[in-house]
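Spelled out from the first residue to the last, the chains are:
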Amino acid sequence: MTIERELFVSAPGKVILHGEHAVVHGKMALAVGLNLRTFIRMRPRKDDTVLINLPNIGTKLRWDIAQLQTLLPSFQDDPQKLEILKNFAGIIEGCKDTESLAVLAFLYLYLSICGRDLPSVDIVVWSQLPTGAGLGSSAAYCVCLAAALLTYCGRIDDPMCDETTILRWSQTELDLINQLAFQGEKVIHGNPSGVDNAVGTWGGALQYQSGSITPMERIPVLHILLTNTKVPRSTKVLVAGVKEKLLKFPDIMEPVLSSIHAVSQECQRVLKEMTAGLSMDHYTVLEELIDINQHHLNVIGVGHSSLETICQVTKSHGLHSKLTGAGGGGCAITLLRTDTDHAVVETVKQELTNYGFQCWETSIGALGVSVHLPSSLTEDVREAFSNL
Ligand SMILES: Nc1ncnc2c1ncn2[C@@H]1O[C@H](COP(=O)(O)OP(=O)(O)O)[C@@H](O)[C@H]1O
Ligand SMILES: C[C@@](O)(CCOP(=O)(O)O)CC(=O)O
Ligand SMILES: [Mg+2]
(Lines give C-alpha, C1' and ligand atoms only; values in the text may rest on other atoms or scores of the structure.)
(Ligands and ions follow the chains in the order given, each with its own letter.)
Protein backbone atom coordinates (compact mmCIF):
# COMPACT_ATOMS: atom_id res chain seq x y z
CA MET A 1 0.00 0.00 0.00
CA THR A 2 1.62 3.27 -1.06
CA ILE A 3 1.30 6.31 1.19
CA GLU A 4 -0.97 9.05 -0.15
CA ARG A 5 0.76 12.17 1.16
CA GLU A 6 3.71 14.40 0.39
CA LEU A 7 6.94 12.91 1.76
CA PHE A 8 10.10 14.89 2.61
CA VAL A 9 13.29 12.92 3.30
CA SER A 10 16.87 14.20 3.76
CA ALA A 11 20.33 12.66 4.10
CA PRO A 12 23.67 14.28 5.03
CA GLY A 13 26.80 14.57 2.94
CA LYS A 14 30.00 13.33 4.53
CA VAL A 15 33.64 14.03 5.20
CA ILE A 16 36.13 11.19 5.17
CA LEU A 17 38.73 12.05 7.85
CA HIS A 18 41.05 9.22 6.77
CA GLY A 19 40.85 6.10 4.58
CA GLU A 20 39.47 7.27 1.28
CA HIS A 21 40.44 4.92 -1.57
CA ALA A 22 42.16 2.50 0.86
CA VAL A 23 38.66 1.61 2.11
CA VAL A 24 37.80 0.31 -1.39
CA HIS A 25 40.60 -2.25 -0.84
CA GLY A 26 39.49 -3.48 2.56
CA LYS A 27 41.25 -0.95 4.81
CA MET A 28 39.64 1.17 7.55
CA ALA A 29 38.07 4.58 6.94
CA LEU A 30 36.81 7.13 9.46
CA ALA A 31 33.90 9.17 8.12
CA VAL A 32 31.55 11.75 9.63
CA GLY A 33 28.22 13.23 8.62
CA LEU A 34 28.36 16.78 7.25
CA ASN A 35 25.75 19.45 8.01
CA LEU A 36 25.00 19.93 4.32
CA ARG A 37 22.10 17.78 3.21
CA THR A 38 20.25 16.44 0.15
CA PHE A 39 16.44 16.57 0.25
CA ILE A 40 13.84 14.64 -1.73
CA ARG A 41 10.18 15.58 -2.03
CA MET A 42 7.79 12.91 -3.28
CA ARG A 43 4.13 13.65 -4.14
CA PRO A 44 1.47 11.17 -5.35
CA ARG A 45 0.23 11.32 -8.95
CA LYS A 46 -2.76 9.58 -10.48
CA ASP A 47 -1.72 9.38 -14.12
CA ASP A 48 0.77 6.45 -14.18
CA THR A 49 3.68 8.75 -14.81
CA VAL A 50 6.84 9.63 -12.87
CA LEU A 51 7.80 13.33 -12.97
CA ILE A 52 11.48 13.84 -12.15
CA ASN A 53 13.16 17.14 -11.33
CA LEU A 54 16.90 17.13 -10.45
CA PRO A 55 17.84 20.85 -10.40
CA ASN A 56 21.41 20.28 -9.16
CA ILE A 57 22.23 18.57 -12.46
CA GLY A 58 19.74 20.49 -14.61
CA THR A 59 17.56 17.50 -15.43
CA LYS A 60 13.77 17.56 -15.65
CA LEU A 61 11.74 14.86 -17.39
CA ARG A 62 8.82 12.48 -17.30
CA TRP A 63 8.61 8.70 -17.56
CA ASP A 64 5.50 6.61 -18.18
CA ILE A 65 5.26 3.73 -15.72
CA ALA A 66 4.54 1.56 -18.76
CA GLN A 67 8.01 2.46 -20.15
CA LEU A 68 9.65 1.41 -16.90
CA GLN A 69 7.68 -1.84 -16.90
CA THR A 70 9.11 -2.79 -20.31
CA LEU A 71 12.48 -3.07 -18.57
CA LEU A 72 11.21 -5.43 -15.87
CA PRO A 73 11.77 -8.79 -17.62
CA SER A 74 15.46 -8.12 -18.39
CA PHE A 75 15.96 -6.34 -15.05
CA GLN A 76 14.51 -9.27 -13.09
CA ASP A 77 16.87 -11.62 -14.95
CA ASP A 78 19.90 -9.71 -13.81
CA PRO A 79 19.63 -6.42 -11.88
CA GLN A 80 23.29 -5.91 -12.57
CA LYS A 81 22.50 -5.29 -16.26
CA LEU A 82 22.91 -1.60 -15.63
CA GLU A 83 23.57 -0.75 -19.26
CA ILE A 84 19.89 -1.38 -19.95
CA LEU A 85 18.99 1.19 -17.33
CA LYS A 86 21.59 3.71 -18.51
CA ASN A 87 20.34 3.37 -22.08
CA PHE A 88 16.78 3.81 -20.89
CA ALA A 89 17.78 6.83 -18.77
CA GLY A 90 19.94 8.33 -21.52
CA ILE A 91 18.13 7.69 -24.80
CA ILE A 92 14.69 8.64 -23.55
CA GLU A 93 15.75 12.20 -22.76
CA GLY A 94 19.29 12.60 -24.09
CA CYS A 95 20.20 13.41 -20.52
CA LYS A 96 23.88 14.28 -19.98
CA ASP A 97 23.91 12.69 -16.58
CA THR A 98 22.48 9.24 -17.10
CA GLU A 99 23.92 7.86 -13.86
CA SER A 100 21.46 9.78 -11.70
CA LEU A 101 18.49 8.63 -13.75
CA ALA A 102 19.82 5.10 -14.04
CA VAL A 103 19.95 5.02 -10.22
CA LEU A 104 16.36 6.19 -10.09
CA ALA A 105 15.23 3.62 -12.66
CA PHE A 106 17.21 0.92 -10.83
CA LEU A 107 15.70 1.68 -7.44
CA TYR A 108 12.23 1.96 -8.95
CA LEU A 109 12.48 -1.42 -10.63
CA TYR A 110 13.94 -2.90 -7.45
CA LEU A 111 10.58 -2.17 -5.79
CA SER A 112 8.99 -4.56 -8.28
CA ILE A 113 11.34 -7.30 -6.99
CA CYS A 114 9.92 -6.52 -3.53
CA GLY A 115 6.51 -7.30 -5.05
CA ARG A 116 5.50 -3.67 -4.89
CA ASP A 117 3.61 -1.77 -7.57
CA LEU A 118 5.58 1.02 -9.23
CA PRO A 119 4.06 4.18 -7.69
CA SER A 120 3.09 7.15 -9.85
CA VAL A 121 4.83 10.10 -8.21
CA ASP A 122 6.35 13.55 -8.66
CA ILE A 123 9.99 13.45 -7.49
CA VAL A 124 12.19 16.48 -6.76
CA VAL A 125 15.73 16.10 -5.37
CA TRP A 126 17.54 19.26 -4.24
CA SER A 127 20.89 19.40 -2.45
CA GLN A 128 22.93 21.86 -0.38
CA LEU A 129 25.99 19.79 -1.39
CA PRO A 130 28.24 20.59 -4.33
CA THR A 131 28.03 17.57 -6.65
CA GLY A 132 31.22 15.78 -7.62
CA ALA A 133 33.27 17.52 -4.91
CA GLY A 134 34.14 14.65 -2.55
CA LEU A 135 31.40 15.36 0.01
CA GLY A 136 29.33 12.27 -0.79
CA SER A 137 26.61 13.94 -2.86
CA SER A 138 26.11 10.71 -4.82
CA ALA A 139 25.55 8.74 -1.62
CA ALA A 140 23.20 11.35 -0.14
CA TYR A 141 21.22 11.19 -3.41
CA CYS A 142 21.03 7.38 -3.29
CA VAL A 143 20.12 7.27 0.42
CA CYS A 144 17.31 9.81 -0.08
CA LEU A 145 15.92 7.90 -3.05
CA ALA A 146 16.16 4.53 -1.29
CA ALA A 147 14.48 5.78 1.91
CA ALA A 148 11.73 7.68 0.09
CA LEU A 149 10.87 4.90 -2.38
CA LEU A 150 10.92 2.13 0.24
CA THR A 151 8.67 4.24 2.51
CA TYR A 152 6.41 5.33 -0.31
CA CYS A 153 5.66 1.78 -1.48
CA GLY A 154 5.18 0.54 2.11
CA ARG A 155 8.29 -1.72 2.16
CA ILE A 156 9.35 0.11 5.35
CA ASP A 157 7.15 2.00 7.80
CA ASP A 158 6.33 5.66 7.36
CA PRO A 159 7.98 7.14 10.48
CA MET A 160 5.69 10.16 10.30
CA CYS A 161 3.40 8.28 12.65
CA ASP A 162 2.70 11.38 14.66
CA GLU A 163 3.16 15.10 14.23
CA THR A 164 6.70 15.52 15.58
CA THR A 165 9.35 17.16 13.39
CA ILE A 166 12.28 14.91 12.41
CA LEU A 167 11.75 11.18 12.56
CA ARG A 168 13.82 8.18 11.65
CA TRP A 169 13.39 4.47 10.97
CA SER A 170 14.28 1.35 12.97
CA GLN A 171 17.76 -0.17 12.68
CA THR A 172 16.40 -2.99 10.49
CA GLU A 173 14.80 -0.45 8.17
CA LEU A 174 17.97 1.68 8.13
CA ASP A 175 19.91 -1.46 7.14
CA LEU A 176 17.55 -1.95 4.18
CA ILE A 177 17.86 1.71 3.17
CA ASN A 178 21.66 1.44 3.36
CA GLN A 179 21.78 -1.75 1.28
CA LEU A 180 19.57 -0.29 -1.43
CA ALA A 181 21.51 2.98 -1.44
CA PHE A 182 24.71 0.96 -1.86
CA GLN A 183 23.20 -0.62 -4.99
CA GLY A 184 22.54 2.91 -6.25
CA GLU A 185 26.14 3.95 -5.47
CA LYS A 186 27.33 1.03 -7.63
CA VAL A 187 25.48 2.55 -10.57
CA ILE A 188 27.24 5.91 -10.07
CA HIS A 189 30.65 4.85 -8.73
CA GLY A 190 31.13 1.44 -10.29
CA ASN A 191 33.15 0.06 -7.36
CA PRO A 192 32.13 1.88 -4.17
CA SER A 193 33.28 0.75 -0.72
CA GLY A 194 29.92 1.56 0.91
CA VAL A 195 31.34 4.05 3.44
CA ASP A 196 29.54 7.03 1.88
CA ASN A 197 26.04 5.52 1.94
CA ALA A 198 26.66 4.20 5.48
CA VAL A 199 27.39 7.72 6.75
CA GLY A 200 24.42 9.08 4.77
CA THR A 201 22.18 6.51 6.46
CA TRP A 202 23.42 6.59 10.05
CA GLY A 203 25.07 10.01 10.20
CA GLY A 204 27.28 10.86 13.20
CA ALA A 205 30.82 9.45 13.02
CA LEU A 206 31.69 5.91 12.05
CA GLN A 207 34.55 3.51 11.43
CA TYR A 208 34.02 1.53 8.22
CA GLN A 209 35.92 -1.49 6.95
CA SER A 210 34.84 -4.17 4.42
CA GLY A 211 31.16 -3.60 5.04
CA SER A 212 31.52 -3.54 8.82
CA ILE A 213 30.06 -0.33 10.30
CA THR A 214 31.10 0.70 13.82
CA PRO A 215 29.53 3.94 15.04
CA MET A 216 32.05 6.04 16.96
CA GLU A 217 29.78 6.73 19.90
CA ARG A 218 31.73 9.66 21.33
CA ILE A 219 34.10 11.86 19.41
CA PRO A 220 35.32 15.36 20.27
CA VAL A 221 33.74 18.31 18.49
CA LEU A 222 36.27 18.93 15.72
CA HIS A 223 36.12 22.19 13.81
CA ILE A 224 37.28 22.04 10.22
CA LEU A 225 37.62 24.39 7.29
CA LEU A 226 36.10 22.83 4.18
CA THR A 227 37.50 24.13 0.89
CA ASN A 228 36.06 23.27 -2.51
CA THR A 229 38.64 23.65 -5.28
CA LYS A 230 35.69 23.52 -7.71
CA VAL A 231 37.90 21.31 -9.89
CA PRO A 232 35.46 18.76 -11.36
CA ARG A 233 36.40 15.10 -11.26
CA SER A 234 34.72 11.70 -11.33
CA THR A 235 34.96 9.40 -8.32
CA LYS A 236 34.43 6.41 -10.62
CA VAL A 237 37.46 7.35 -12.77
CA LEU A 238 39.68 8.08 -9.76
CA VAL A 239 38.76 4.82 -8.01
CA ALA A 240 39.47 2.90 -11.21
CA GLY A 241 42.87 4.65 -11.53
CA VAL A 242 43.94 3.56 -8.05
CA LYS A 243 42.91 -0.03 -8.80
CA GLU A 244 44.98 0.06 -12.01
CA LYS A 245 48.03 1.33 -10.09
CA LEU A 246 47.54 -1.35 -7.43
CA LEU A 247 47.51 -4.05 -10.12
CA LYS A 248 50.57 -2.53 -11.79
CA PHE A 249 52.67 -1.98 -8.63
CA PRO A 250 51.22 -4.28 -5.94
CA ASP A 251 54.39 -4.41 -3.80
CA ILE A 252 54.64 -0.63 -3.84
CA MET A 253 50.95 0.24 -3.44
CA GLU A 254 49.89 -2.33 -0.86
CA PRO A 255 52.23 -0.95 1.85
CA VAL A 256 50.89 2.55 1.13
CA LEU A 257 47.28 1.39 1.59
CA SER A 258 48.30 -0.44 4.77
CA SER A 259 49.93 2.74 6.05
CA ILE A 260 46.68 4.66 5.37
CA HIS A 261 44.89 1.95 7.35
CA ALA A 262 47.29 2.55 10.26
CA VAL A 263 46.65 6.31 10.01
CA SER A 264 42.90 5.66 10.38
CA GLN A 265 43.51 3.42 13.39
CA GLU A 266 45.80 5.97 15.08
CA CYS A 267 43.33 8.79 14.41
CA GLN A 268 40.53 6.75 15.94
CA ARG A 269 42.68 6.11 19.03
CA VAL A 270 43.51 9.79 19.44
CA LEU A 271 39.88 10.93 18.98
CA LYS A 272 38.82 8.47 21.66
CA GLU A 273 41.56 9.75 24.00
CA MET A 274 40.44 13.33 23.36
CA THR A 275 36.97 12.57 24.71
CA ALA A 276 38.58 11.58 28.03
CA GLY A 277 40.59 14.81 28.22
CA LEU A 278 41.69 17.10 25.42
CA SER A 279 45.27 18.40 25.10
CA MET A 280 47.08 20.34 22.37
CA ASP A 281 49.37 17.32 21.94
CA HIS A 282 46.35 15.47 20.55
CA TYR A 283 45.97 18.11 17.87
CA THR A 284 49.67 17.85 17.01
CA VAL A 285 49.24 14.11 16.35
CA LEU A 286 46.06 14.70 14.31
CA GLU A 287 47.98 17.23 12.20
CA GLU A 288 50.85 14.82 11.62
CA LEU A 289 48.35 12.13 10.53
CA ILE A 290 46.75 14.57 8.08
CA ASP A 291 50.14 15.33 6.50
CA ILE A 292 51.09 11.64 6.26
CA ASN A 293 47.77 10.67 4.68
CA GLN A 294 47.84 13.55 2.19
CA HIS A 295 51.32 12.42 1.13
CA HIS A 296 50.07 8.86 0.63
CA LEU A 297 47.07 10.07 -1.40
CA ASN A 298 49.47 11.88 -3.72
CA VAL A 299 51.51 8.67 -4.08
CA ILE A 300 48.42 6.63 -5.11
CA GLY A 301 47.67 9.26 -7.74
CA VAL A 302 44.61 11.15 -6.51
CA GLY A 303 46.26 14.47 -5.66
CA HIS A 304 45.86 17.65 -7.70
CA SER A 305 47.73 20.95 -7.94
CA SER A 306 44.69 22.81 -6.57
CA LEU A 307 44.75 20.57 -3.48
CA GLU A 308 48.48 21.17 -3.08
CA THR A 309 47.78 24.90 -3.15
CA ILE A 310 45.36 24.48 -0.24
CA CYS A 311 47.99 22.47 1.69
CA GLN A 312 50.67 25.12 1.08
CA VAL A 313 48.47 28.12 1.89
CA THR A 314 47.16 26.59 5.12
CA LYS A 315 50.58 25.28 6.14
CA SER A 316 52.03 28.79 5.76
CA HIS A 317 49.66 29.70 8.58
CA GLY A 318 50.44 26.66 10.71
CA LEU A 319 47.36 24.66 9.66
CA HIS A 320 47.25 21.17 8.15
CA SER A 321 45.04 19.98 5.26
CA LYS A 322 44.24 16.87 3.23
CA LEU A 323 41.88 16.05 0.39
CA THR A 324 38.62 14.36 1.34
CA GLY A 325 36.65 11.93 -0.85
CA ALA A 326 38.02 10.76 -4.16
CA GLY A 327 40.41 13.69 -4.67
CA GLY A 328 41.68 14.75 -8.10
CA GLY A 329 40.15 18.15 -7.26
CA GLY A 330 36.95 18.50 -5.24
CA CYS A 331 37.27 19.28 -1.54
CA ALA A 332 39.96 19.42 1.13
CA ILE A 333 39.62 19.64 4.90
CA THR A 334 41.79 21.77 7.19
CA LEU A 335 41.88 20.98 10.91
CA LEU A 336 41.17 24.00 13.13
CA ARG A 337 42.52 23.72 16.67
CA THR A 338 40.59 25.06 19.65
CA ASP A 339 43.37 27.68 20.02
CA THR A 340 43.50 28.62 16.32
CA ASP A 341 43.26 32.40 16.15
CA HIS A 342 40.04 33.46 14.37
CA ALA A 343 42.00 36.16 12.51
CA VAL A 344 44.27 33.43 11.07
CA VAL A 345 41.24 31.49 9.84
CA GLU A 346 39.82 34.60 8.19
CA THR A 347 43.18 35.33 6.50
CA VAL A 348 43.40 31.74 5.23
CA LYS A 349 39.83 31.85 3.94
CA GLN A 350 40.58 35.10 2.09
CA GLU A 351 43.77 33.72 0.52
CA LEU A 352 42.00 30.54 -0.59
CA THR A 353 39.05 32.51 -1.95
CA ASN A 354 41.54 34.57 -3.97
CA TYR A 355 42.43 31.31 -5.75
CA GLY A 356 38.75 30.92 -6.71
CA PHE A 357 38.09 28.26 -4.06
CA GLN A 358 34.96 28.20 -1.89
CA CYS A 359 35.55 27.92 1.87
CA TRP A 360 33.29 27.33 4.79
CA GLU A 361 33.87 26.48 8.43
CA THR A 362 31.91 23.57 9.79
CA SER A 363 31.95 21.03 12.59
CA ILE A 364 31.72 17.29 12.06
CA GLY A 365 28.78 15.00 12.85
CA ALA A 366 25.26 15.30 11.41
CA LEU A 367 22.00 13.37 11.71
CA GLY A 368 21.52 10.47 9.29
CA VAL A 369 18.64 9.94 6.90
CA SER A 370 15.44 11.55 8.27
CA VAL A 371 11.80 12.28 7.44
CA HIS A 372 10.60 15.87 7.84
CA LEU A 373 7.32 17.61 8.38
CA PRO A 374 7.18 20.41 5.75
CA SER A 375 6.72 22.86 8.64
CA SER A 376 10.03 21.69 10.19
CA LEU A 377 12.12 22.43 7.10
CA THR A 378 14.49 25.39 7.40
CA GLU A 379 13.66 28.54 5.43
CA ASP A 380 16.37 27.97 2.77
CA VAL A 381 15.05 24.48 2.03
CA ARG A 382 11.42 25.62 1.94
CA GLU A 383 12.39 28.48 -0.36
CA ALA A 384 14.31 26.13 -2.70
CA PHE A 385 11.40 23.71 -3.00
CA SER A 386 8.80 26.46 -3.37
CA ASN A 387 10.28 27.22 -6.81
CA LEU A 388 10.54 23.59 -7.93
N1 LIG B 1 21.37 16.33 -6.00
C2 LIG B 1 21.64 15.47 -7.00
N3 LIG B 1 20.74 15.28 -8.00
C4 LIG B 1 20.99 14.38 -9.00
N5 LIG B 1 22.13 13.64 -9.10
C6 LIG B 1 23.06 13.81 -8.13
C7 LIG B 1 22.88 14.72 -7.04
N8 LIG B 1 23.99 14.67 -6.24
C9 LIG B 1 24.82 13.77 -6.81
N10 LIG B 1 24.29 13.26 -7.94
C11 LIG B 1 24.92 12.24 -8.82
O12 LIG B 1 26.19 11.90 -8.24
C13 LIG B 1 27.26 12.25 -9.15
C14 LIG B 1 28.47 12.75 -8.35
O15 LIG B 1 28.96 11.62 -7.66
P16 LIG B 1 30.55 11.45 -7.32
O17 LIG B 1 31.33 11.55 -8.57
O18 LIG B 1 30.67 10.25 -6.50
O19 LIG B 1 30.88 12.76 -6.47
P20 LIG B 1 30.59 13.04 -4.90
O21 LIG B 1 31.94 13.26 -4.31
O22 LIG B 1 29.74 14.29 -4.90
O23 LIG B 1 29.87 11.83 -4.34
C24 LIG B 1 26.66 13.33 -10.03
O25 LIG B 1 27.35 13.36 -11.30
C26 LIG B 1 25.21 12.83 -10.21
O27 LIG B 1 25.17 11.76 -11.15
C1 LIG C 1 37.20 7.31 -2.96
C2 LIG C 1 36.17 6.72 -2.02
O3 LIG C 1 36.85 6.06 -0.95
C4 LIG C 1 35.25 7.81 -1.46
C5 LIG C 1 34.52 8.58 -2.59
O6 LIG C 1 33.88 9.72 -2.04
P7 LIG C 1 33.15 10.80 -3.03
O8 LIG C 1 32.27 10.05 -4.01
O9 LIG C 1 34.27 11.54 -3.78
O10 LIG C 1 32.38 11.69 -2.12
C11 LIG C 1 35.35 5.68 -2.83
C12 LIG C 1 34.51 4.77 -1.93
O13 LIG C 1 34.87 4.55 -0.77
O14 LIG C 1 33.48 4.29 -2.43
MG1 LIG D 1 30.28 9.83 -4.51
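Residues numbered from 1 in each chain as written. Chains lettered and ligands numbered in written order. Predicted model: local features only at pLDDT ≥ 70, side-chain atom pairs only at ≥ 80, totals over all residues. Heavy atoms only, no water.

Note the cut-off: UniProt positions are given in the numbering used here, feature names are shortened, and annotations may be inferred rather than shown by experiment.
As named in an unreviewed UniProt entry, the protein is Mevalonate kinase, taken from Xenopus laevis. As stated in UniProt under Pathway (unreviewed entry), the record for the protein gives "Isoprenoid biosynthesis; isopentenyl diphosphate biosynthesis via mevalonate pathway; isopentenyl diphosphate from (R)-mevalonate: step 1/3."

1. A look at the site of ligand 1
Basically, it comes down to this: Any residue with a non-hydrogen atom lying within 4 Å of a molecule or strand is treated as near it. Pairs of N or O atoms are called polar contacts if they sit within 3.5 Å, as long as, within protein, a hydrogen donor faces a hydrogen acceptor (for residues adjacent in sequence, only side-chain-to-side-chain pairs). For the area figures, the Shrake-Rupley method with a 1.4 Å probe applies, and any residue is considered shielded solely by the protein chains shown. Under the scheme used here, helices are H or I runs from DSSP no shorter than 4 residues and strands are E runs no shorter than 2 residues, and both carry numbers assigned from the N terminus.
Taken together, 18 residues form the shell around ligand 1, and within it Ser100, Gly132, Gly134, Ser137 and His189 come nearest. Between an oxygen atom of ligand 1 and a side-chain N or O atom of Ser100, the distance comes to 2.7 Å. Between ligand 1 and the protein, one listed contact pairs an oxygen atom with a backbone N or O atom of Gly132 at 2.9 Å. In isolation ligand 1 exposes 570 Å². Once the protein is present, 91% of that is buried. Put simply, the parts of the chain that give the shell around ligand 1 at least two residues each are α4 (137-152) and α5 (171-189). Among the elements that make up the shell around ligand 1, the one with the highest residue count is α4 (3 residues).

2. Quick look at helix α3 (residues 98-113)
Filter applied, for reference: For a helix, the expected span equals 1.5 Å multiplied by the residue count minus one. Throughout, exposure labels follow a simple rule: accessible area from a 1.4 Å probe, protein chains only, divided by the maximum for the residue type, with under 20% read as buried, over 50% as exposed, and the rest as partly exposed.
In this model α3 runs 22 Å from its N-terminal to its C-terminal C-alpha over 16 residues, within 8% of the 22 Å that 1.5 Å per residue would give. Summarising burial for α3: 13 of the 16 residues are buried, a large majority. Gly115 sits one or two residues past α3 and shows a positive phi near 75°.

3. Examining the pairing of strand β2 (residues 29-44)
Heads up, the rule is: Two strands qualify as a pair provided that DSSP identifies no fewer than 2 bridges between them.
Among the 16 residues in β2, 13 count as buried, and that is most of the element. Sheet analysis places β2 next to strand β7 (residues 205-209), joined by 4 bridges and oriented antiparallel. Within β7, the position partnered with Val32 by the bridge is Ala205. One ladder, built from 7 bridges, connects β2 with strand β5 (residues 121-127); its direction is antiparallel. Opposite Met42, over in β5, you have Ile123 as the bridge partner.

4. Focus on the pairing of strand β8 (residues 212-215)
Pairing of β7 with β8 involves 4 bridges; the strand directions are antiparallel. Bridging across to β8, Leu206 finds its partner in Pro215. What sits between β7 and β8 in their antiparallel hairpin is a turn of 2 residues, with Ser210 showing a positive phi close to 50°.

5. A word on the UniProt feature "domain: GHMP kinase C-terminal" (unreviewed entry) in the protein
Following the UniProt record, the feature "domain: GHMP kinase C-terminal" (unreviewed entry) maps to residues 286-349 here. Between the end C-alpha atoms of residues 286-349 the distance is 21 Å, and the span holds 52% helix and 16% strand.

6. Notes on the packing of aromatic side chains
So the rule is basically this: For Phe, Tyr and Trp, where Trp contributes only its six-membered ring, two rings pair if their centres lie within 6.5 Å, and the inter-plane angle classes them as stacked under 30 degrees, edge-to-face over 60, or tilted in between.
Within this structure, the stated rule accounts for 4 aromatic pairs. Taken together, a centroid distance of 5.8 Å and an interplanar angle of 15° make the contact between Tyr355 and Phe357 stacked. Residue Phe357 is classed as buried on the basis of its relative accessible area of 8%. Within the aromatic cluster, the residues linked to one another by ring pairs are Phe8, Phe39, Trp126 and Phe385.

7. Describing the site of ligand 2
Which entries qualify depends on this criterion: Classification used: nonpolar for Ala, Val, Leu, Ile, Met, Phe, Trp, Tyr, Cys and Pro, charged for Asp, Glu, Lys and Arg, polar for all others including Gly.
In the vicinity of ligand 2 there are 19 residues, among which His21, Gly136, Ser193, Arg233 and Thr235 approach most closely. In this structure, Lys14 approaches ligand 2 through a side-chain N or O atom, which is 3.0 Å from an oxygen atom. In the complex, 97% of the free accessible area of ligand 2, which totals 380 Å², lies under the protein chains. Listing elements by their share of the shell around ligand 2, those giving two or more residues are β1 (7-18), α6 (195-202) and α7 (235-248). When grouped by side-chain class, the residues that make up the shell around ligand 2 number 8 nonpolar, 7 polar and 4 charged.

8. Topic: the coordination of the magnesium ion (ligand 3)
Quick note on the threshold: Coordinating N, O and S atoms are those within 2.8 Å of the metal (3.2 Å for Na, K and Ca), and as water is not part of the atoms, a site may appear to have fewer donors than expected.
The magnesium ion (ligand 3) binds to the protein through Ser138 (OG) and His189 (NE2); the donor distances cover 2.2 to 2.3 Å. Taken together, the residues span a long stretch of sequence, with Ser138 in helix α4 and His189 in helix α5 at a distance of 51 residues. For Ser138, a relative accessible area of 13% puts it in the buried group.

9. Considerations on the domain arrangement of the protein
As a reminder, the rule being used: An automatic or database domain assignment is the source of the domain bounds shown. Contact between two residues is taken to exist if any of their heavy atoms lie within 4.5 Å; hydrogens are not considered. Computed with a 1.4 Å rolling probe, the buried area is the accessible surface lost when two parts are put together, summed over both parts. By convention in these notes, a salt bridge is any Lys or Arg side-chain nitrogen within 4 Å of a carboxyl oxygen on Asp or Glu.
Per the domain assignment, the segments making up the protein are domain 1 (7-218 + 366-386) and domain 2 (222-364). Each of domain 1 and domain 2 was reduced to a C-alpha centroid, and the two centroids are 27 Å apart. On the side of domain 2, 41 residues touch domain 1, which itself brings 35 residues to the contact. Taking both sides of the interface into account, the surface hidden between domain 1 and domain 2 amounts to around 3000 Å²; carbon and sulfur atoms contribute 63%. In this structure, the connection of domain 1 to domain 2 is made through 2 salt bridges. One salt bridge connects Glu20 with Lys322, and the closest N-O pair in it is separated by 2.8 Å. At the junction of domain 1 with domain 2, the criterion picks out 14 residue pairs in polar contact (both at pLDDT 80 or more). Broken down by secondary-structure element, the contributors of at least two residues to the side of domain 1 that touches domain 2 are β1, β2, α5 and β7. The element best represented in the side of domain 1 that touches domain 2 is β2, accounting for 7 residues.

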